[in-house]
Amino acid sequence: ITTASLEGYGLHRIFRFAKEALFDGVELDISKKNFDTCNAEYLNELIKEYDLPIIAIKTAEPKEKTILDAVALALNLGTKIIIVDPPKIFDLKYAQWLKQEVPKIREKEEISIALENAANETIFGFIPATSMNSLRDLKDFKHVCINTAFAANKKENIIDLIMKMKNYLVHVHLTNIKQNKIGALPQSGILPVESFLSKLKQ
């Protein structure tokens, strides 16, 4: 479970909820408004107290520094997956940095930095809001996180997508769409979540 889904609660309670609900681990969503999400000493205390690993870290914003900070945090926590957002369409410097530097960081630190697909947002109604967001771009990045609701928002079949991405997939954000709103609980919405999970297990 991601800490973002319980935003508003403190991390201590979120870890307790996750433990009581029998989750195997937690995805830490780094928040600039919650300094505890960046405090390695405190996070290690929670991991030990609840015997729950932080399996993945989601970065706060698409910037080089946020990724480097997340890598340092992950190494301290023993986390092996970092999820990053695609660049804004005009942020060519960051896009180039992702393509050139992230493979080096992966190899050096033995950590997976995965690019998450984005929703179908536009600027002025026709310019894509993000770059590196096509299937080809995701495959070229090698490590991919699929957000099921974002994929469906782009009119992509999530079961077909899982097959196309099976050699690149390292993480999934399982969420649904309800009444045209992204972010519904997995069991509540229009997506074929059961079939998706069965295909994912295969």
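Quick summary incoming for the structure in this document. As a convention, each chain's residues are numbered from 1 in the sequence order in which they are written. For a predicted model such as this one, the threshold for reporting local features is a pLDDT of at least 70, and the threshold for listing and counting side-chain atom pairs is 80 or more; totals across whole chains, interfaces and linings nevertheless cover every residue. Water and hydrogen atoms play no part in the side-chain values, which are based on all heavy atoms of the structure.

## Some words on the pattern of salt bridges
Okay, so step 1: Salt-bridge detection follows one rule: a side-chain nitrogen of Lys or Arg within 4 Å of a carboxyl oxygen of Asp or Glu. A complete count under the given rule lists eight salt bridges for this structure.
Okay, so step 2: Where Arg136 meets Asp140, a salt bridge forms, and the shortest distance between an N and an O atom there is 3.2 Å. Of the two residues, Arg136 and Asp140 are both situated in helix α5 (residues 135–141); the distance of four residues between them amounts to about one turn of the helix.
Okay, so step 3: Between Lys154 and Glu156 there is a salt bridge, with its nearest N and O atoms 3.9 Å apart.
Okay, so step 4: Lys154 gets classed as partly exposed once you look at its relative accessible area, which sits at 21%.
Okay, so step 5: Judged by relative accessible area, which is 22%, Glu156 ranks as partly exposed.
Okay, so step 6: Within the structure, one salt-bridge network assembled from shared partners comprises Lys32, Glu61 and Lys63. Where helices and strands are cited, they refer to DSSP runs of H or I of at least four residues and of E of at least two residues respectively, numbered from the N terminus. Burial classes: relative accessible area under 20% of the type maximum marks a residue as buried, over 50% as exposed, and values in between as partly exposed (1.4 Å probe, protein chains only).

## Here's the deal with the packing of helix α2 (residues 40–50) against helix α3 (residues 64–77)
Okay, so step 1: Close contact between α2 and α3 brings their axes to 10 Å; oriented N to C, the two are set at 40 degrees. Classified by the angle between their axes, α2 and α3 sit oblique to one another. Here α2 and α3 pass one another in a crossing that is right-handed. Listed contacts from α3 to Ala40, Leu43, Asn44 and Ile47 of α2 are Leu73, Asn76 and Leu77. For helices, the axis comes from a line fit to the C-alpha atoms of the stretch in contact; other axes are also lines fit to C-alpha atoms, and the angle between any two N-to-C directions lies between 0 and 180 degrees. Angle categories: roughly parallel below 35 degrees, roughly antiparallel above 145, roughly perpendicular from 65 to 115, and oblique for all the rest. Handedness of a crossing follows from how the near helix is turned relative to the far one, being left-handed for an anticlockwise turn of less than a right angle and right-handed for a clockwise one. Whether two residues touch is decided by their heavy atoms; if any such pair falls within 4.5 Å, the residues are in contact.

Scope: geometric values only; no functional claims are made or implied.
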